[in-house]
Amino acid sequence: VEQPDKRVALLKILDDPAITKGIVFARTKRTVDRLVDALYDAGHAVLGLHADLPLPERLRSLAAFADGSVRILVATD
């Protein structure tokens, strides 16, 4: 997928009801934040995970993903 089409392709994939959980990897912390906002605005239960988040927030994100509270985790690679 070409760069300009990646977000649309991701949204199309995540709209598939067969996708019950997923981790999306991004190269930068800024991209993680942007993707989390875009996916949330599109109606997805999503949280981000990157090094600039305080440890308690990172642990909450992991726990929410593990227990199914959120179905998408966007993280730096």
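Residues numbered from 1 in each chain as written. Predicted model: local features only at pLDDT ≥ 70, side-chain atom pairs only at ≥ 80, totals over all residues. Heavy atoms only, no water.

Draft legend 1. Region of the structure containing the side chain of H44. By the secondary structure assignment, H44 is in the loop between α2 (29-41) and β2 (46-49). Setting aside residues up to four positions removed in sequence, H44 forms contacts with L11, L14, D15, L39, R71 and I72. (Helix = DSSP H or I, 4+ residues; strand = E, 2+ residues; numbered from the N terminus. Contact = heavy atoms within 4.5 Å.)

Draft legend 2. A look at the side chain of H50. Mapped onto the secondary structure, H50 falls in the loop between β2 and α3 (55-67). Within the structure, H50 has its side chain in polar contact with the backbone nitrogen of D52 (distance 3.2 Å). Setting aside anything within four residues of it in sequence, one finds H50 in contact with K29, V32, D33, R58 and T76. (Polar contact = N/O pair within 3.5 Å; in protein donor to acceptor, adjacent residues only side chain to side chain.)

Draft legend 3. Region of the structure containing the pairing of strand β3 (residues 72-76). Counting buried positions along β3 yields four of five residues, so the element is predominantly enclosed. Here five bridges tie strand β1 (residues 22-26) to β3, and the two strands are oriented parallel to one another. Paired with F25 across the strands is A75, a residue of β3. Note: β2 against β3, four bridges, orientation parallel. When the bridges of β3 are listed, G48 appears paired with V74. (Buried < 20%, exposed > 50% of the residue type's maximum accessible area, 1.4 Å probe, protein only. Pairing = 2+ DSSP bridges.)

Draft legend 4. Region of the structure containing the packing of aromatic side chains. With the rule as written, the count across this model stands at zero aromatic pairs. In this structure, K21 packs its charged tip against the face of F65, placed 4.7 Å from the ring centre. (Phe/Tyr/Trp six-rings, centres within 6.5 Å; stacked < 30°, edge-to-face > 60°. Lys NZ or Arg CZ within 6 Å of the ring centre and 35° of its normal.)

Draft legend 5. Spotlight on the pattern of salt bridges. Summed over the entire model, instances satisfying the criterion amount to one salt bridge. One salt bridge in this structure joins K29 and D52, with 3.3 Å as the shortest N-O distance. Remark: D52 occurs in the loop between β2 and α3 and K29 occurs in helix α2; sequence separation between them is 23 residues. Looking at K29, the relative accessible area reads 35%, which means it is partly exposed. (Salt bridge = Lys/Arg side-chain N within 4 Å of Asp/Glu carboxyl O.)

Draft legend 6. Representation of α2 in the model. For α2, built from 13 residues, the straight-helix expectation of 18 Å at 1.5 Å per residue is met to within 8% by its first-to-last C-alpha distance of 18 Å. Among all positions in α2, only V32, L35, V36, A38 and L39 are buried. Contacts from the buried residues of α2 go to α1 (6-14), β1, β2 and β3. One or two steps after α2, the chain reaches G43, where phi turns positive at roughly 95°. (Expected span 1.5 Å × (residues − 1).)

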